[in-house]
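# Architecture at a glance
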Amino acid sequence: MSTASPFALTSEIKALVAGALDSGNVLLLAAVDKDHKPVLSFRGSTSVFSDTQLSLWVRNAEGGTIEAISNNPQVALMYRSQSVPLLQFIGRARIVDDPAARNRAFGLAPEKERASDPERKGRAVVIDLDEVKGVLGFGADGPIFCHLARG
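Residues numbered from 1 in each chain as written. Predicted model: local features only at pLDDT ≥ 70, side-chain atom pairs only at ≥ 80, totals over all residues. Heavy atoms only, no water.

## A look at the overall build of the protein
Per the secondary structure count, the protein includes five helices and nine strands. Walking the protein from its N terminus toward its C terminus, one meets helices and strands in the order β-α-α-β-β-β-β-α-β-β-α-α-β-β. Taking 2.2 N^0.38 as the reference for a compact globule, 151 residues should give roughly 15 Å; the C-alpha atoms of the protein span a radius of gyration of 15 Å, in line with that estimate. Seen along its three principal axes, the alpha-carbon backbone of the protein occupies a region of about 50 × 35 × 25 Å. Classification of the 151 residues of the protein by burial places 43% in the buried group. Long-range pairs, those at least 24 residues apart, make up 67% of the contacts in the protein with a sequence separation of at least 6. Summed over its atoms, the accessible surface of the protein is roughly 7800 Å², and 53% of this surface lies on carbon and sulfur atoms. Charge-centre separation for the protein: the mean point of 17 positive side chains lies 2 Å from the mean point of 17 negative side chains. (Helix = DSSP H or I, 4+ residues; strand = E, 2+ residues; numbered from the N terminus. Rg over C-alpha atoms; globule rule 2.2 N^0.38 Å. Buried < 20%, exposed > 50% of the residue type's maximum accessible area, 1.4 Å probe, protein only. Contact = heavy atoms within 4.5 Å. Areas by Shrake-Rupley, 256 points an atom, 1.4 Å probe, with all protein chains shown as cover. Lys, Arg positive; Asp, Glu negative; His and termini not counted. Charge placed at Lys NZ, Arg CZ, Asp CG, Glu CD.)

## So, the nonpolar core
Counting 31 residues, the largest nonpolar core has Ile13, Leu54, Leu87, Phe89, Ile127 and Val132 as the members making the most contacts within it. Contributions of two or more residues to this core are made by helix 1 (11-18), strand 2 (27-32), strand 5 (53-58), helix 3 (64-71), strand 6 (74-79), strand 7 (86-96), strand 8 (123-139) and strand 9 (142-149). The leading source of residues in this core is strand 8, at five residues. Beyond its immediate chain neighbours, meaning those up to four positions away, valine 132 contacts Phe7, Leu9, Ile13, Leu87, Gln88, Phe89, Cys146, His147 and Leu148. Ranked by size, the runner-up nonpolar core spans nine residues in total, among them Trp57, Val96, Phe106 and Ala109. (Core = buried A, V, L, I, M, F, W, Y, C linked by side-chain atoms within 4.5 Å.)

## Focus: helix 3
When helix 3 is considered as a whole, its buried residues turn out to be Thr65, Ile66, Ala68 and Ile69. Down the axis of helix 3, the smallest arc covering the buried residues is 160°, so these residues share one side. Considering only its buried residues, helix 3 is in contact with strand 2, strand 3 (38-43), strand 5, strand 6, strand 7 and strand 8. (Arc of directions from axis to C-beta.)

## Some points on the environment of leucine 56
Along the chain, leucine 56 falls in strand 5. Judged by its relative accessible area of 0%, leucine 56 is buried. With 56 residues separating them along the chain, leucine 56 and lysine 112 place their C-alpha atoms 13 Å apart. Leaving out residues up to four positions away in the same chain, leucine 56 has contacts with Leu29, Arg43, Ser45, Thr46, Leu77, Ala105, Arg123, Ala124, Val125 and Ile127.

## Comments concerning the side chain of asparagine 25
Among the secondary structure elements, asparagine 25 is positioned in the loop between helix 2 (20-23) and strand 2. Within the structure, asparagine 25 has its side chain in polar contact with the side chain of serine 23 (distance 2.8 Å). When residues no more than four places from it in sequence are discounted, the contact partners of asparagine 25 are Ala20, Tyr79, Arg80 and Ser81. (Polar contact = N/O pair within 3.5 Å; in protein donor to acceptor, adjacent residues only side chain to side chain.)

## Observations regarding the pattern of salt bridges
This model, assessed by the stated rule, comprises ten salt bridges. The partner of glutamate 67 in a salt bridge is lysine 34, and the shortest N-O contact between them spans 3.8 Å. Pair noted here: glutamate 67 is in helix 3 and lysine 34 is in the loop between strand 2 and strand 3, with a separation of 33 residues, a long-range link. Look at glutamate 67 and you get partly exposed, because its relative accessible area is 38%. If you follow the salt bridges from partner to partner, you end up with Arg92, Asp130 and Arg150 in one network. (Salt bridge = Lys/Arg side-chain N within 4 Å of Asp/Glu carboxyl O.)

## Some words on the side chain of threonine 65
Note that threonine 65 resides in helix 3. Overall, the relative accessible area of 5% leaves threonine 65 in the buried class. Among residues more than four places away in sequence, those in contact with threonine 65 are Leu29, Val39, Ser41 and Arg43.

Right under this line is the structure:
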């Protein structure tokens, strides 16, 4: 069985992202640096920014993740838990300096993440999603596939 819908994050997927840090299932971000080498990092601040976007609060404003996104916006994130075998988010990341978007990304991050950067020295990143795919679980008939794609 496959989950098919217009491109918008479902309430189930939004709940998984929103609870990722507290459930111990932090999303893994993959980016590519200027030398075309992978940059992987767990992102506890990952949040749902809109029906088609995720956001991150990156505490280290000068770190490898920000540098990689500045050079190449193509990113992917992976979610996995005991009940969800695999959920991949693919999109284009951008650093946002607009005060309203920056404040929103910070405010959406879990309290644990916000408390780690009380002076808000980090950077906000918004990811415009192009595709979400994976296996949401298993039913009586086998895997429950998810594939949402823009266009």
